[in-house]
Amino acid sequence: MEFTAPNAQTLTFDRRNHSDETLLKLYESLIMPRRIEEKMLILLRQGRISKWFSGWGQEAISIGAVNALAADEFILPMHRNLGVFTGRNMPLERLFAQFQGKKSGFTKGRDRSFHFGSIEHHIVGMISHLGPQLAIADGIGLADKLSGEKKVTLVFSGDGASSEGDFHEGLNVAAVWKLPVIFVVEHNGYGLSTPSEEQFAFNYFTEKGPGYGMEAVRVQGNNVLEVYDTILRLAKDIRENPRPILVEAITFRMRGHEEASGTKYVPKNLMEEWAQLDPVENYEAYLESIGVLDAATKEKLNKKVKKAINEALEVAFAEEEITPNLEEELADVYAPFSQKVIEPEGSSTEKRFIDAISDGLRQSMEKYPNLILMGQDIGEYGGVFKITDGFKTKFGGDRVRNTPLCESAIIGAGLGLSIKGFKAMVEMQFADFVSVGFNQIVNNLAKIHYRWGQNADVVIRMPTGAGSAAGPFHSQSNEAWFFHTPGLKIVYPSNPHDAKGLLNAALEDSNPYLYFEHKMLYRSISGSVPDSYYTVEVGKAALAKEGSQVSIITYGMGVHWAVKAIEELGISADILDLRTLLPWDQEAVAETVKKTGKVIFLHEDTLTGGIGAEICAWISEHCFRWLDAPVMREGSMDTPVPFAPKLEKQFLPTERFKKKLKELVGY
Ligand SMILES: Cc1ncc(C[n+]2csc(CCOP(=O)(O)OP(=O)(O)O)c2C)c(N)n1
């Protein structure tokens, strides 16, 4: 379909039974983003601001929506929804400070334009990646549903962004879980410059909704009363009867994607046709035609709005540029959390690694009634490794949730839950599959606290590792993918005691965690595990063996390989089990290096760019004076994990490690 303007040259408004006051309130709300835009375009020409994403021509959608919802219902806007922010009465001087990268903005200068949220205003802003927003709305909707709050959440998407897989996942989860979420697609005919017919092969999004088992409604997005009435009606209905509804708002973007990119690619006639349908001018004319807006009121309201804008701009411009503060930048990467280690009490039982994980998870579920478990087949089936066996019966299907096959949406929903004060644990069926949830972890969970102070109380469990001839996609070690991302914490236990204690610790902390659990340890090792609830200190390594000739620094399966190797070779070694990879224990590393003067790092992950590379570089820089030999490391071969057992054995580092260890001891 070629995107065309509706045939009518004017918009048809219907005031229904709205009072004059309501109509005027909507008018005042509608002119605010337009008057801000006019001002921004002048400032841009004057070189006083650097970038502007215009929503000119689309204002009626944001304004209709924001006015139709209750002030404590969440809205998740995109880059053309200035009206959502102004409609929630954000202080304009803070909004402008945000646009200018000033300290008093919502991100302390750390993120730009509309990339922020404010819990106070019940707004969760976007990240650049567009699609991930939808799943966060699912999580917020789920939280409302679980706590029996009769609320609706509204999330925006562009028509271009609907091609992202996240759009599909977000809608599908909402439909399957009957979440009270309104998905508003602003169908404005173009992505950045790509017209709709090159973006998708259907005509209207109302055709898509039913495919998801979801009602879908189309509105003329330039008609503020139509948007307002539609959202008002749907929201009322959804609050009583929770379910998602897709609203397609037909509209047009009258300016470039951002100001510098222009609109040359848009046929002139389209611009002209849509100009006739300007949402602000048409509504204004309507109010005048029915005698609700007279010249004096129009002038008064416009003056009031302009005055507020000008005064706020003055405040924002007067604010000095940010003075960078190193400590503050680092401190804000994580939500404040100071762990008080809980010591075990009473009896212990011999438990397998897998049972220790299950035990910890069960006790955390008992301790935190707001903890929600989500993962594929974790319900009745108990998960593919049976860690949640019996959990659904014990804790109920609301808290132990089988999910559709969609890692990204579920991790995003975990963040949405966290925004509403819940805790979430997401089980990856295999750590390998996290690649399709990667964006949510590294760009949403990891960055959100640094960006605008929201924590992400989400633990992702990662059944990891090779050794069972499961091939390249069920065997990977991928902790290094995340080690490089500020804002995450990573724990990786090697024994049943730590498996339980670290899982409890991760679930207690309000920051995002990756919890790696080696599949080959599940049923192959046992140990004494305290029966009571306890936590293990995060960021603290432990000596698995004490010796004198050499230090082996490792984690996870590496600990077991190292123990076996020193026994076989008759070597006396410190074996330092890192336990936490991020933040890792620099003190313990320095201490063992000082003690033995010889160090080798061992991990199952492939060698290049692995965690060993980072820690060995740190040792070289900070412990050089205590070293009696080169810092060494060994890991798996730099290939994918092969399937055939003999190839896999060769891939893994055990034999090469023994050789290197001997070499190091004899150095
Ligand atoms: C994942 C991703 N790919 C590409 C972009 C670059 N980009 C930003 S906005 C945009 C177009 C979005 O179109 P649409 O969703 O229709 O929203 P509109 O801008 O028309 O409101 C593109 C391609 C991005 N931000 N994120």
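These notes cover the structure that comes with them. If you're wondering where the values come from, they're calculated on a predicted model, not measured in any experiment.

## Let's talk about the site of the ligand
Here is step 1 of the chain: Contacts to the ligand come from 16 residues, most closely from His-79, Arg-80, Ser-128, Gly-160 and Ala-161.
Here is step 2 of the chain: The contact in question runs from an oxygen atom of the ligand to an N or O atom on the side chain of His-79, over 2.9 Å.
Here is step 3 of the chain: For the ligand, an oxygen atom lies 2.8 Å from a polar atom in the backbone of Ala-161.
Here is step 4 of the chain: Compared with its free state, where it exposes 580 Å², the ligand has 74% of that area covered by protein.
Here is step 5 of the chain: When atom positions are compared with the pocket grids, the ligand is found to occupy the largest pocket.
Here is step 6 of the chain: The residue makeup of the shell around the ligand, split by class, is four nonpolar, eight polar and four charged.

## A look at the sheet that holds strand 4 (residues 215-220)
Here is step 1 of the chain: Across the sheet, five strands lie side by side as 1-2-3-5-4; this open sheet has parallel pairing. Both edges of this open sheet fall to strand 1 (75-76) and strand 4, since each of them pairs with a single strand only.
Here is step 2 of the chain: Pairing of strand 2 (residues 153-158) with strand 3 (residues 181-187) involves six bridges; the strand directions are parallel. Paired with Thr-153 across the strands is Val-181, a residue of strand 3.
Here is step 3 of the chain: Where helix 5 (residues 133-146) meets the sheet, it contacts strand 1, strand 2 and strand 3, and its direction lies at approximately 170° from that of strand 2.
Here is step 4 of the chain: Against the sheet, helix 6 (residues 165-176) engages strand 2, strand 3 and strand 5 (245-250), with an angle of about 150° to strand 3.

## Description of the layout of surface pockets
Here is step 1 of the chain: Put simply, the largest pocket is a space of about 450 Å³.
Here is step 2 of the chain: Every residue lining the largest pocket is counted, 23 residues in all, and those nearest its centre are His-79, Arg-80, Leu-130, Leu-192 and His-257.
Here is step 3 of the chain: In the lining of the largest pocket, the residues fall into seven nonpolar, 11 polar and five charged.
Here is step 4 of the chain: In this model, the second largest pocket occupies a volume close to 390 Å³.

## Remarks on unusual backbone geometry
Here is step 1 of the chain: The omega angle of the peptide bond from Leu-582 to Pro-583 is 0°, so this bond is cis rather than trans.
Here is step 2 of the chain: If you trace the backbone, Pro-583 turns up in the loop between strand 17 (580-582) and helix 22 (586-596).
Here is step 3 of the chain: In the Ramachandran plot, Arg-16 falls in the positive-phi region, its phi being about 45° despite a non-glycine side chain.
Here is step 4 of the chain: Assignment of secondary structure puts Arg-16 in the segment before helix 1 (20-45).

## Quick word on the state of the cysteines
Note on terminology: disulfide describes a covalent bond linking the sulfur atoms of two cysteines.
Here is step 1 of the chain: What the rule picks out here adds up to zero disulfides.
Here is step 2 of the chain: A disulfide-free cysteine, Cys-616 has its sulfur positioned 11 Å from the sulfur of Cys-623, the nearest such atom.
Here is step 3 of the chain: Relative accessible area serves as the criterion here: at 8%, Cys-616 is assigned to the buried category.

## Thoughts on empty space enclosed by the protein
Any empty space left between the atoms is revealed when a probe the size of a water molecule rolls over them.
Here is step 1 of the chain: Scanning the model with the defined rule gives two cavities of 30 Å³ or more in all.
Here is step 2 of the chain: Taken as a whole, the largest cavity encloses approximately 50 Å³ of empty space.
Here is step 3 of the chain: Considering the residues around the largest cavity, the lining is formed by Pro-33, Glu-37, Gly-55, Gln-58, Glu-59, Ser-62, Arg-80, Leu-82 and Gly-83.
Here is step 4 of the chain: Of the residues in the lining of the largest cavity, the class split is two nonpolar, four polar and three charged.
Here is step 5 of the chain: One number sums up the size of the second largest cavity: a volume of about 50 Å³.
Here is step 6 of the chain: In terms of lining, the second largest cavity is formed by Gly-375, Gln-376, Thr-403, Cys-406, Glu-407, Ile-410, Val-426, Glu-427, Met-428 and Gln-429.
Here is step 7 of the chain: Residue assignment for the lining of the second largest cavity shows that the elements contributing at least two residues are helix 15 (407-419) and strand 9 (423-427).
Here is step 8 of the chain: Classifying every residue of the lining of the second largest cavity by side-chain character gives four nonpolar, four polar and two charged.

## Observations regarding helix 22
Here is step 1 of the chain: Taken residue by residue, helix 22 has Ala-588, Val-589, Ala-590, Thr-592, Val-593 and Thr-596 as its buried positions.
Here is step 2 of the chain: Each element contacted by the buried residues of helix 22 is listed here: strand 15 (550-554), strand 16 (573-577), strand 18 (599-606) and helix 23 (611-622).
Here is step 3 of the chain: Looking one or two residues beyond helix 22, the residue adopting positive phi is Gly-597, at roughly 75°.

## Comments concerning the side chain of Ser-408
Here is step 1 of the chain: Looking at where Ser-408 falls in the secondary structure, it is placed in helix 15.
Here is step 2 of the chain: Look past the residues within four positions of Ser-408 in its chain and what remains in contact with it is Ala-135, Asp-166, Glu-169, Val-436, Gly-437 and Gln-440.

## Quick notes on the side chain of Asn-222
Here is step 1 of the chain: Its place among the elements puts Asn-222 in the loop between strand 4 and helix 8 (224-240).
Here is step 2 of the chain: Relative accessible area serves as the criterion here: at 2%, Asn-222 is assigned to the buried category.
Here is step 3 of the chain: A distance of 2.9 Å separates a polar atom in the side chain of Asn-222 from the backbone oxygen of Leu-277.

## Quick word on the sheet that holds strand 16
Here is step 1 of the chain: The strand order 14-16-15-18-19 describes an open sheet built from five strands, whose pairing is mixed. Strands at the two margins of the open sheet, each flanked by one partner only, are strand 14 (542-545) and strand 19 (632-636). Strand-to-strand twist in this sheet, taken as the mean axis angle between neighbours without regard to direction, amounts to 25°.
Here is step 2 of the chain: The sheet strands contacting helix 23 are strand 15, strand 18 and strand 19, and the helix crosses strand 18 at an angle near 160°.

## Considering the packing of aromatic side chains
Here is step 1 of the chain: The tally for this structure, following the rule as stated, stands at 28 aromatic pairs.
Here is step 2 of the chain: A ring pair is formed by Tyr-190 and Tyr-265, whose centres lie 5.6 Å apart and whose planes are at 55°; its orientation type is tilted. Of this pair, Tyr-190 sits in the loop between strand 3 and helix 7 (208-211) while Tyr-265 is found in the loop between strand 5 and helix 9 (268-275), placing the two residues 75 residues apart along the sequence.
Here is step 3 of the chain: On the accessibility criterion, Tyr-190 (10% relative accessible area) is buried.
Here is step 4 of the chain: By relative accessible area, which is 27% here, Tyr-265 ends up partly exposed.

## What to know about the environment of Ala-308
Here is step 1 of the chain: Structurally, the position occupied by Ala-308 is in helix 11 (residues 295-318).
Here is step 2 of the chain: Judged by its relative accessible area of 30%, Ala-308 is partly exposed.
Here is step 3 of the chain: In sequence terms Ala-308 and Val-559 are 251 residues apart; their C-alpha atoms lie 64 Å from each other.

## Points about the environment of His-560
Here is step 1 of the chain: In this fold, His-560 is placed in helix 21 (residues 557-569).
Here is step 2 of the chain: The spacing of His-560 and Ser-494 is 66 residues in sequence and 7.9 Å in space, taken between C-alpha atoms.
Here is step 3 of the chain: Setting aside chain neighbours within four positions, we find His-560 in contact with Ser-494, Leu-521 and Ile-525.

Basis of the calculations
- Residues numbered from 1 in each chain as written.
- Predicted model: local features only at pLDDT ≥ 70, side-chain atom pairs only at ≥ 80, totals over all residues.
- Heavy atoms only, no water.
- Near = heavy atom within 4 Å.
- Polar contact = N/O pair within 3.5 Å; in protein donor to acceptor, adjacent residues only side chain to side chain.
- Areas by Shrake-Rupley, 256 points an atom, 1.4 Å probe, with all protein chains shown as cover.
- 1 Å grid on protein atoms, 1.4 Å probe; cavity = no way out; pocket = protein on both sides within 12 Å on 5 of 7 lines; lining within 4 Å.
- Sits in = over half its atoms within 2 Å of the grid points.
- Nonpolar A, V, L, I, M, F, W, Y, C, P; charged D, E, K, R; others polar.
- Pairing = 2+ DSSP bridges.
- Helix = DSSP H or I, 4+ residues; strand = E, 2+ residues; numbered from the N terminus.
- Contact = heavy atoms within 4.5 Å.
- Axes fitted to C-alpha atoms, helices over the stretch in contact; angles between N-to-C directions.
- Points joined across faces, edges and corners; volume = space filled by probe spheres on them.
- Disulfide = S-S within 2.5 Å.
- Buried < 20%, exposed > 50% of the residue type's maximum accessible area, 1.4 Å probe, protein only.
- Phe/Tyr/Trp six-rings, centres within 6.5 Å; stacked < 30°, edge-to-face > 60°.

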